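# Close look at the chain arrangement
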Amino acid sequence: MSMLTELKERFRKALTGLVDEPAELLDLIRGSQDPKFGDYQANLAMPLGKRLRRPPREVAAEIIKRLEIDDLCAPPEIAGPGFINLRINDQWLARRLSAAVAEPRLDVAPVASRRTFVIDYSAPNVAKPMHVGHIRSTVIGDALCRVLRFLGHRAISDNHIGDWGTQFGMILYGYKHFLDVEAYRRNPVQELARLYRHVRRLMDEEDNNPNVTTTDSVQAAVLAETARLHAGDPENRRLWEQFLPHCEDEIQRVYSRLGVTFDHTLGESFYEERLAPVVDDLLRRGIARESDGAICIFLEGHKTPMIVRKRDGAFLYGTTDLATIQYRLETWRPDAILYVVDHRQSLHFQQLFAAARLLGYKNIELQHVSFGTVLGDDGRPFKTRSGDTVGLEGLLDEAVRRALEIVSANDDAKPNGPELSTEQRRQIAETVGIAAIKYADLSQNRTSDYIFSYDKMLAMTGNTATYMQYAYARVRSIFAKGGVDIEQLRASGSPIVLNSAAERALAIEILRFSEALDMTVADYRPNQLTSYLFDLANRFSTFFEQCPVLRADTDELRQSRLLLCDLTARTIQKGLELLGIRVVEKM
Ligand code: ARG
């Protein structure tokens, strides 16, 4: 149980008999902004006073009288209009930390009630190269999966790739008209990407050319190829089957580099045969009806209906999503499905979830975990100079290239000369570069847009992966320098001593890891975890400035401080790992 949960439990008991619904009040127990008000503050006496029509300070006093908290806290104090300040006992802190030393999970207990989540993330439309827009869904979804699993939930990741849409019509058309046979033989992935871009350009040109008729346009031809594929045309089907593995190779390359994996990759095509039955079922149950030749679901509160079959018989994105929900429920019986998708699709998900409710899927949490746009320096969606969207691989390459410059410059500047081989530098740069991109994304409140900046994301100070990795490497170098045997240290049973404010502040922060993870999953925001790690690294920095470790006054103090260093490093490592980010031993 996290410290906060523990405190809430104690308050819950103290409130029995005073109020019936304490949940909202308990949410008013929080970490203090300033250590002079203790470690935690309970701000519930004011609203409770209002409810009971009694002076808040008096209510605070009564709560304190009822609280059984001696083992955990110093006697609580009332401040101002009725704030209750709580200071955790040093012995209690030391005991919890000692337990964490011996525990691979640190101080984080698995959840009492395990839920099953399906997490739908990344989901690129394959056959076109991945671009900057795909980074967010991929890294946020991956981080949520990791955190949920660590907390003890069952999290099933499913990459709902777009493998059945118009982009295949585009490469089918491209293949039939512009194929460079030799290039395709040598490198199919690259040639398909070229064809995609070529056809894209032709279609865009048409948009600006008033002389093209709709019937002989490339756009019409592409739609016709897509329709033939969907209708089961053997030639298009055969080509599609031939293209698909190449498209999968292409995305797989990016995933390997990002260290992202999926339990399942059930793309849109997987649901093809379920679409007609879904529509029939909707009609039979009177949930959908015909309107102007199309089959629509009219939803309360929505101006436009959700179309599930067009007049020409084609099914839509939403039809596939309904079939997907049905499949997921049958297959995994999840308690929740999370869709980590761009905020521009929020209307789609509102309609989808409303339709799912009509279908009777009520006891399931359906959640659009939406996110904002990645912007360039100019505050507009991130594009290359020529106006193309930025390819994801190029982005990773550039971050790694810059990381290599930084790593090399740092290493060259070491007082006793460089320590790293060329190969070591290269490996560190790959880890640091990718980490920088991921962390920059995860550390944003996901609903905001953010400006993509290599300089900021690779800064050695500030809320960056580089800073966190550096804090970790610093601990490792202390251990190396002191010739410390970590296993022996952990097994030594040496007590943790919290004599100074800096040690104590670090101790509290280490123990708040569990709270940070709870907050991360409460509304699916990985930036709760990055903020926590940033606070932790800062407190470590202060501790390190103020408290000599290897040259501590006594042996006992040295052991205790080494243990605090070790716990910090392990917490940073675990925290980063849960964000899908690796640490480096040296940098
Ligand atoms: N392929 C879609 C796109 O690129 C995202 C799919 C998200 N998942 C879903 N179940 N709709 O826009």
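Here the structure is a predicted model, which means the values were calculated and not measured.

### Brief notes about the overall build of the protein
Within the protein one finds 23 helices and 13 strands. Along the first, second and third principal axes, the C-alpha atoms of the protein reach 85 × 70 × 40 Å. Relative to its 587 residues, the protein shows a buried fraction of 52%. For the protein, the share of sequence-separated contacts (at least 6 apart) that also reach a separation of at least 24 residues comes to 72%. For the protein, the accessible surface area stands at approximately 27600 Å², while carbon and sulfur atoms represent 48% of it. Distance between charge centroids for the protein: 3 Å, based on 75 positive and 81 negative side chains.

### Here's the deal with the packing of helix 3 (residues 45-52) against helix 4 (residues 56-66)
Between helix 3 and helix 4, the shortest axis-to-axis distance is 8 Å and the interhelical angle comes to 110°. Viewed along their axes, helix 3 and helix 4 adopt a mutual orientation that is roughly perpendicular. Contact residues: helix 3 offers Ala-45, Met-46, Leu-48 and Gly-49, while helix 4 offers Pro-56, Val-59, Ala-60 and Ile-63. When the residues that make up the contact of helix 3 with helix 4 are grouped by side-chain class, the tally is seven nonpolar, one polar and no charged.

### Quick notes on the sheet that holds strand 5 (residues 116-120)
Read from one edge of the open sheet, four strands run 6-5-10-11, paired in parallel fashion. Looking at strand neighbours, the two that pair on one side only are strand 6 (154-158) and strand 11 (365-371), the edges of this open sheet. Strand-to-strand twist of the sheet, defined as the mean angle between neighbouring strand axes without regard to direction, takes the value 20°. Alignment of strand 5 against strand 6, held across five bridges, turns out to be parallel. Bridging from a neighbouring strand, Phe-117 pairs with Ala-155 of strand 6. Most of the contacts of helix 14 (residues 346-358) go to strand 11, to which it runs at about 180°, and overall it touches strand 10 (336-342) and strand 11.

### Comments concerning the site of the ligand
The environment of the ligand is formed by Asp-120, Ala-123, Asn-125, His-160, Tyr-317, Asp-321, Tyr-339, Val-341, Gln-345 and Phe-349. Here a nitrogen atom of the ligand sits 2.8 Å away from a polar atom, N or O, in the side chain of Asn-125. Here the ligand, which alone exposes 350 Å², has 87% of that area covered by the protein. Within the residue set of the shell around the ligand, elements represented by two or more residues are helix 13 (317-332) and strand 10. Looking at the shell around the ligand residue by residue, the classes come out as five nonpolar, three polar and two charged.

### Digging into the packing of aromatic side chains
Enumeration according to the criterion identifies 21 aromatic pairs in this entry. Ring geometry for Trp-164 and Trp-240: centres 5.0 Å apart, planes at 75°, overall edge-to-face. Of this pair, Trp-164 sits in the loop between strand 6 and helix 7 (166-178) while Trp-240 is found in helix 11 (residues 234-258), placing the two residues 76 residues apart along the sequence. Using a relative accessible area of 8% as the deciding quantity, one classes Trp-164 as buried. Considering the side-chain rings of Tyr-271 and Tyr-327, the 5.8 Å spacing of their centres and the 75° angle between planes classify their relative orientation as edge-to-face. Highlighted residues: Tyr-271 in the loop between helix 11 and helix 12 (272-284) and Tyr-327 in helix 13, separated in sequence by 56 residues. Under the relative-accessibility criterion, Tyr-271 is labelled buried at 0%. On the basis of relative accessibility, which here comes to 15%, the residue Tyr-327 falls in the buried class.

### Notes on the pattern of salt bridges
Throughout the structure, instances matching the rule amount to 52 salt bridges. With a shortest N-O distance of 3.4 Å, Arg-237 and Glu-272 are connected by a salt bridge. Here the residue Arg-237 occupies a position in helix 11, and Glu-272 occupies one in helix 12, the gap between them amounting to 35 residues. Overall, the relative accessible area of 26% leaves Arg-237 in the partly exposed class. Judged by relative accessible area, which is 25%, Glu-272 ranks as partly exposed. The network of salt bridges with shared partners includes Glu-6, Arg-10, Asp-71, Arg-96 and Asp-107.

Reading the values: rules and limits
- Residues numbered from 1 in each chain as written.
- Predicted model: local features only at pLDDT ≥ 70, side-chain atom pairs only at ≥ 80, totals over all residues.
- Heavy atoms only, no water.
- Helix = DSSP H or I, 4+ residues; strand = E, 2+ residues; numbered from the N terminus.
- Buried < 20%, exposed > 50% of the residue type's maximum accessible area, 1.4 Å probe, protein only.
- Contact = heavy atoms within 4.5 Å.
- Areas by Shrake-Rupley, 256 points an atom, 1.4 Å probe, with all protein chains shown as cover.
- Lys, Arg positive; Asp, Glu negative; His and termini not counted.
- Charge placed at Lys NZ, Arg CZ, Asp CG, Glu CD.
- Axes fitted to C-alpha atoms, helices over the stretch in contact; angles between N-to-C directions.
- Parallel < 35°, antiparallel > 145°, perpendicular 65-115°, else oblique.
- Nonpolar A, V, L, I, M, F, W, Y, C, P; charged D, E, K, R; others polar.
- Pairing = 2+ DSSP bridges.
- Near = heavy atom within 4 Å.
- Polar contact = N/O pair within 3.5 Å; in protein donor to acceptor, adjacent residues only side chain to side chain.
- Phe/Tyr/Trp six-rings, centres within 6.5 Å; stacked < 30°, edge-to-face > 60°.
- Salt bridge = Lys/Arg side-chain N within 4 Å of Asp/Glu carboxyl O.

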